[in-house]
Amino acid sequence: MRDDALRVLKDVFGHAAFRGAQREIVEHVAGGGDALVLMPTGGGKSLCYQVPALLRPGTAVVVSPLIALMQDQVAALTQLGVRAAFLNSTLDLEQVREVERSLLDGSLDLLYVAPERLNTPRCLDLLSHIRPALFAIDEAHCVAQWGHDFRPEYLQLSVLHERFPDVPRIALTATADPATRAEIIERLALQDSRVFVSSFDRPNIRYTIVDKDDARKQLLRFIRNEHPDDAGIVYCLSRKKVDETAEWLAAQGLRALPYHAGMDAPTRAAHQARFQREDSVIVVATIAFGMGIDKPDVRFVAHLDLPRSIEGYYQETGRAGRDGAAADAWMAYGLADVVQQRRFIDQSEGSEAFRRVSSSKLDALLGLCETAQCRRVHLLAYFGEQGEPCGNCDNCLNPPETWDATVASQKSLSAIYRTGNRFGATHLIDVLRGKDTERIRQWGHDKLSVYGIGKAEDEHLWRSVFRQLVALGLARVDHESFGALVLTEAARPVLRGEQKVMMRRIVERTKDSAVRRTRSAAPLSLEGVDAGLLAALKAWRLEEARTQSVPAYVILHDSTLVELARSCPTETDELADIAGFGSRKVERYGDALIELISGFRS
Ligand code: ADP
Ligand code: ZN
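Sequence order sets the numbering: in each chain, residues are counted from 1 along the sequence as written. Following the order in which they are written, the chains are lettered starting with A and the ligands numbered starting with 1. Only residues with pLDDT of at least 70 get local features here, since the model is predicted, and only at 80 or more are side-chain atom pairs given and counted; chain-wide, interface and lining totals rely on the full set of residues. Neither water nor hydrogens contribute to the side-chain values; these are computed over all heavy atoms in the structure.

**Notes on the overall build of the protein**
For step 1, the next point in the chain: Counting secondary structure elements, the protein contains 26 helices and 17 strands.
For step 2, the next point in the chain: Atoms counted for the radius of gyration: C-alpha only. Globule rule: 2.2 Å times residue count to the power 0.38. Compactness check: the protein gives a C-alpha radius of gyration of 27 Å against a globular reference of 25 Å for 602 residues, within 12% of the reference.
For step 3, the next point in the chain: Considered along the principal axes of its C-alpha atoms, the protein spans approximately 85 × 65 × 45 Å.
For step 4, the next point in the chain: The buried share among the 602 residues of the protein stands at 54%.
For step 5, the next point in the chain: All accessible areas in this document rest on Shrake-Rupley with a 1.4 Å probe, and a residue is counted as covered only by the protein chains that are shown. Accessible surface, the protein: about 25,900 Å² in total, of which carbon and sulfur atoms supply 49%.
For step 6, the next point in the chain: For the protein, the separation between the mean place of its 75 positive charges and that of its 82 negative charges on side chains is 5 Å. Runs of H or I in DSSP of at least four residues are treated as helices and runs of E of at least two as strands, each being numbered from the N terminus. Throughout this description, buried means an accessible area under 20% of the type-specific maximum (1.4 Å probe, protein chains only), exposed means over 50%, and partly exposed covers the range between. Neither His nor the chain ends contribute to the count of charged residues, in which Lys and Arg are positive and Asp and Glu negative. Think of each charge as sitting on NZ of Lys, CZ of Arg, CG of Asp or CD of Glu.

Rendered as structure tokens:
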């Protein structure tokens, strides 16, 4: 079986070797075992069920909640000569019948099904007439009720086990925290399955979290300095901000497109298609975007607003650099983000328990934002993994200084107290800096002892102090009033001078590109590559992608094009040695490529 698995990997998928735990998982599932696979985004989960699907007799049934992903996977598999189809709400009745017929004929290797459809009597009946090769449950964390992507339809998937006890099941997710893992095992009845946990580290992603100052300008600087011609995703919380940011970036000359659920479906689909098919498109989106996008060459993911949890942050940033080449996860974060997220939690309809969970998840994320230690070590620790400082995050590259902020903290906490625990940071900073504003006069805050005691420091510093006070739990954002800061019990010893407070020093690193990259993963090296040929290959690919209506990377990956432009093969036989060419692609594109390349040799 070992050899068979490797043969399928090479011959069909064009890959030379399995990655990490893939081989073990493939052998286990192909041999009839159940598995729970925890692997980070980009780790290579798909092959874990696609290879066994081809090794086992019958049709593998893949449950996936993401329609776009299903379509792309089926397109990619079809390119490889694998017989795959999907059943979801985008098909009309005739198309559904057609797929059902092929399934009953035994002429499908893989069938992708949306969970709500799988649970219908019609579908279950259909499956009872065939012999499923295996069940793959993708995005298995959707079964977790307090998770970030809960899908009620997933709860019904345990029916698979009851109905088809002999068919192996493989559940896959990129969400790693132990509570979610336990919930998946319980709800999908996977108690007897083997659990494969891969490291969640994504060494090629560089994590950077900057203090929000003028977020848009900071973003623009980051993109211009680091990713002038790259594809990327920019996440914002609100639709309005998505629209405004996309428009603004476009006005700065970048190819930026908005994407959110409030847009009409055709425009949204068109923007997604451009992102997938063209080079260097930036999508500005709400978190609705990205689930189901498996574009491998996204070079950066930027957050202009704070996500809700480390899980969310990790999933979103995980969309960068799936191809293994260097990529950036960049976020701008400020106190207003904390206020906003707190408000979401306080105003949510959820139960008290739900709010408590949400609140502690937010705290964990703030801890990541404020840490002076390696971001990666911090992230991995959250997922239960230990690591060494990575050398590829902002804190490793530019270790932040800490300073004794005890006095500044006392001043700030006093300002909160003296003004009655009912004002937000902006007003409190005005009081500390002794400003003359309408509001200050109206409330008589110019008469307070704290008025003007923070004149010596600038607003920037005070903002970072208030933010860190919240992150350190010395003050909190009030439930009822709009962003007001309130003292906590923990503030007492600081006010009484019994406890020191250390804070990160905020250094404006506008010229941070001066810190040259010590990449743990090299960007695609273009040494020895004929740039003209590469451009021609990309143009050829774009044309193919357009005529076939599939994403460009489904035709061939960037790395494959680069390798072609470097090695300039003269015979189609040589193509099989290049990563990314399975036999089907050699057959399909070989002649055209060799001809194109030969035009550049003379
Ligand atoms: P995930 O679903 O875990 O996010 P994918 O299955 O989409 O990851 O794989 C991520 C990328 O890695 C894809 O571009 C895929 O082609 C590539 N990949 C996966 N396994 C291998 C392998 N063994 N060799 C080379 N590339 C691989
Ligand atoms: Zn680090």
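Additional details are given in the paragraphs that follow.
**Topic: the sheet that holds strand β9 (residues 232-235)**
For step 1, the next point in the chain: Pairing between two strands requires that DSSP report at least two bridges joining them. Strand order in the open sheet made by the 6 strands is β8-β13-β12-β9-β11-β10, with parallel pairing throughout. The open sheet has two free edges, formed respectively by β8 (205-211) and β10 (256-259), since each of these has just one partner strand. Strand-to-strand twist across the sheet, computed as the mean angle between neighbouring axes with direction ignored, equals 15°.
For step 2, the next point in the chain: As paired elements, strand β12 (residues 300-303) and strand β13 (residues 327-333) share 4 bridges and run parallel to each other. Note that in β13 the partner of Phe 300 across the bridge is Asp 328.
For step 3, the next point in the chain: Contacts from helix α11 (residues 239-251) reach β10 and β11 (282-285) within the one sheet, and its direction differs from that of β10 by about 170°. All axes are obtained by fitting lines to C-alpha atoms, using only the stretch in contact for helices, and the reported angles, taken between N-to-C directions, cover 0 to 180 degrees. Only heavy atoms matter for contacts: two residues are in contact if any of them lie within 4.5 Å across the pair.

**Thoughts on the site of ligand 1**
For step 1, the next point in the chain: Whether a residue is near a molecule or strand depends on its heavy atoms: if one lies within 4 Å, it is near. Near ligand 1 there are 15 residues, and of these Ala 17, Gln 22, Gly 42, Lys 45 and Ser 46 occur at the shortest range.
For step 2, the next point in the chain: Side-chain atoms alone can form a polar contact between residues adjacent in sequence; in general such a contact is a pair of N or O atoms within 3.5 Å, and within protein one must be able to donate a hydrogen while the other accepts it. In the model, a nitrogen atom of ligand 1 is placed 2.9 Å from a nitrogen or oxygen of the Ala 17 main chain.
For step 3, the next point in the chain: At a separation of 3.3 Å, an oxygen atom of ligand 1 approaches a polar side-chain atom of Arg 322.
For step 4, the next point in the chain: In isolation ligand 1 offers 570 Å² of accessible surface; the protein chains occlude 82% of this area.

**So, the side chain of Ser 193**
For step 1, the next point in the chain: Position of Ser 193 among the secondary structure elements: in the loop between α9 (178-187) and β7 (194-197).
For step 2, the next point in the chain: Taking relative accessible area as the criterion, Ser 193 reaches 10% and is therefore assigned buried.
For step 3, the next point in the chain: Here Leu 190 takes part through its backbone oxygen, which lies 2.9 Å from a polar atom of the side chain of Ser 193.
For step 4, the next point in the chain: For Ser 193, the contacting residues outside a window of four places in its chain are Asp 34, Ala 35 and Leu 36.

**Details of the nonpolar core**
For step 1, the next point in the chain: Nonpolar core, defined: a set of buried Ala, Val, Leu, Ile, Met, Phe, Trp, Tyr and Cys residues in which side-chain atoms within 4.5 Å join the residues together. Judged by nonpolar contacts, the single largest core of 137 residues is most densely connected at Leu 110, Ile 170 and Phe 466.
For step 2, the next point in the chain: Residues in contact with Leu 110, not counting those within four places in the same chain, are Tyr 49, Gln 50, Ala 53, Thr 59, Ala 60, Val 62, Leu 77, Val 82, Arg 83, Ala 84 and Ala 85.
For step 3, the next point in the chain: In this structure, Tyr 553, Val 554, Leu 561 and Leu 564 belong to the second largest nonpolar core, which totals 26 residues.

**Comments concerning the pairing of β9**
For step 1, the next point in the chain: Residues Gly 232 and Val 234 point to one face of β9 and Ile 233 and Tyr 235 to the other, with burial holding for every one of them.
For step 2, the next point in the chain: Of the strand pairs in this sheet, β9 and β11 are connected by 4 bridges, and their pairing is parallel. When the sheet's bridge partners are listed, Val 234 is paired in β11 with Val 284.
For step 3, the next point in the chain: Two strands pair when backbone bridges link them, and β9 and β12 are joined in this way by 4 bridges, in the parallel orientation. Within the sheet, the bridge partner assigned to Val 234 lies in β12 and is Ala 302.

**Some points on the coordination of the zinc ion (ligand 2)**
Reference geometry at the metal: tetrahedral coordination by four donors gives ideal angles of 109.5 degrees; octahedral coordination by six donors gives 90 or 180 degrees.
For step 1, the next point in the chain: Here a donor is any nitrogen, oxygen or sulfur atom (N, O, S) within 2.8 Å of the metal, with 3.2 Å used for Na, K and Ca; water is not among the atoms considered, so some sites may look incomplete. Within the protein, Cys 374 (SG), Cys 390 (SG), Cys 393 (SG) and Cys 396 (SG) serve as the donor atoms for the zinc ion (ligand 2), at 2.3 to 2.4 Å.
For step 2, the next point in the chain: In this structure, the zinc ion (ligand 2) is surrounded by 4 donor atoms whose angles at the metal cover 101 to 118°, and the resulting shape is tetrahedral.
For step 3, the next point in the chain: Along the chain, the residues donating to the zinc ion (ligand 2) are arranged with the sequence spacing C-x15-C-x2-C-x2-C. With Cys 374 in the loop between α15 (352-370) and α16 (375-382) and Cys 393 in the loop between α16 and α17 (394-397), this pair connects stretches of sequence that are 19 residues apart. Metal sites are grouped by the angles between bound donors: all angles between 85 and 135 degrees with four donors is tetrahedral, opposite donors over 155 degrees apart with the others between 65 and 115 is square planar for four donors and octahedral for six, and any other pattern is irregular.

**Re the pattern of salt bridges**
For step 1, the next point in the chain: In what follows, salt bridge is the name for a side-chain nitrogen of Lys or Arg lying within 4 Å of a carboxyl oxygen of Asp or Glu. All chains considered together, the criterion is met by 33 salt bridges.
For step 2, the next point in the chain: In this structure, Arg 274 and Glu 278 form a salt bridge, with 3.1 Å as the shortest nitrogen-oxygen distance.
For step 3, the next point in the chain: Here the residues in one salt-bridge network are Lys 212, Lys 241, Asp 305 and Asp 337, joined through shared partners.

**Structural notes on the domain arrangement of the protein**
For step 1, the next point in the chain: The domain architecture assigned to the protein consists of domain 1 (2-197), domain 2 (205-351 + 375-393), domain 3 (402-505) and domain 4 (531-601).
For step 2, the next point in the chain: Relative placement of domain 2 and domain 4: their C-alpha centres are 31 Å apart.
For step 3, the next point in the chain: The partner domain 4 presents 11 residues to the 8 residues of domain 2 that form the contact.
For step 4, the next point in the chain: Accessible area, probed at 1.4 Å, shrinks when two parts are joined; the buried area is that loss added up over both. Of the roughly 770 Å² buried between domain 2 and domain 4, counting both surfaces, carbon and sulfur atoms make up 50%.
For step 5, the next point in the chain: Taken together, the connections running from domain 2 to domain 4 amount to 1 salt bridge.
For step 6, the next point in the chain: Residues are grouped as follows: nonpolar covers Ala, Val, Leu, Ile, Met, Phe, Trp, Tyr, Cys and Pro; charged covers Asp, Glu, Lys and Arg; every other residue, Gly included, is treated as polar. Considered class by class, the residues forming the side of domain 2 that touches domain 4 number 1 nonpolar, 1 polar and 6 charged. Each domain's extent is set by a domain assignment, obtained either automatically or from a database.

**Quick look at the packing of helix α18 (residues 406-418) against helix α21 (residues 459-471)**
The description of two helices packed together rests on the angle between their axes and the distance between the axes.
For step 1, the next point in the chain: Look at α18 against α21: their axes get within 10 Å of each other, and the N-to-C directions meet at 75°. Here α21 runs roughly perpendicular to α18, going by the angle between their axes. Across the interface between the two elements, Ala 408, Ser 409, Lys 411, Ser 412, Leu 413 and Ile 416 of α18 pack against Trp 462, Val 465, Phe 466 and Leu 469 of α21.
For step 2, the next point in the chain: Along the lines of polarity and charge, the residues of the contact of α18 with α21 split into 7 nonpolar, 2 polar and 1 charged. An angle below 35 degrees is treated as roughly parallel, one above 145 as roughly antiparallel, one from 65 to 115 as roughly perpendicular, and anything else as oblique.

**Some points on helix α23 (residues 531-548)**
For step 1, the next point in the chain: The first and last C-alpha atoms of α23 sit 26 Å apart over 18 residues, in line with the 26 Å expected at 1.5 Å per residue.
For step 2, the next point in the chain: Those residues of α23 not exposed but buried are Leu 533, Leu 534, Leu 537, Trp 540, Arg 541 and Ala 545. On an axial view of α23, the arc spanned by its buried residues comes to 135°, and they lie on one face. Pointing more than 90 degrees away from the buried face of α23 are the exposed residues Ala 531 and Thr 547.
For step 3, the next point in the chain: Packed against the buried residues of α23 are α24 (552-555), α25 (558-567) and α26 (583-601).
For step 4, the next point in the chain: At the N-terminal boundary of α23, the capping side chain belongs to Asp 530, with an oxygen 2.9 Å from the backbone nitrogen of Gly 532.
For step 5, the next point in the chain: Within two residues after α23, Ser 549 carries a phi angle of roughly 55°, on the positive side. By this rule, a helix spans an expected 1.5 Å times one less than how many residues it contains. Regarding the arc, it is the one traced by the directions from the helix axis to the C-beta atoms.

**Let's talk about the environment of Val 195**
For step 1, the next point in the chain: Within the fold, Val 195 resides in strand β7.
For step 2, the next point in the chain: By relative accessible area, which is 34% here, Val 195 ends up partly exposed.
For step 3, the next point in the chain: Taking C-alpha positions, Val 195 is 7.7 Å from Leu 38, a pair spaced 157 residues apart along the chain.
For step 4, the next point in the chain: The residues contacting Val 195, other than those within four sequence positions of it, are Leu 36, Leu 38 and Ile 185.

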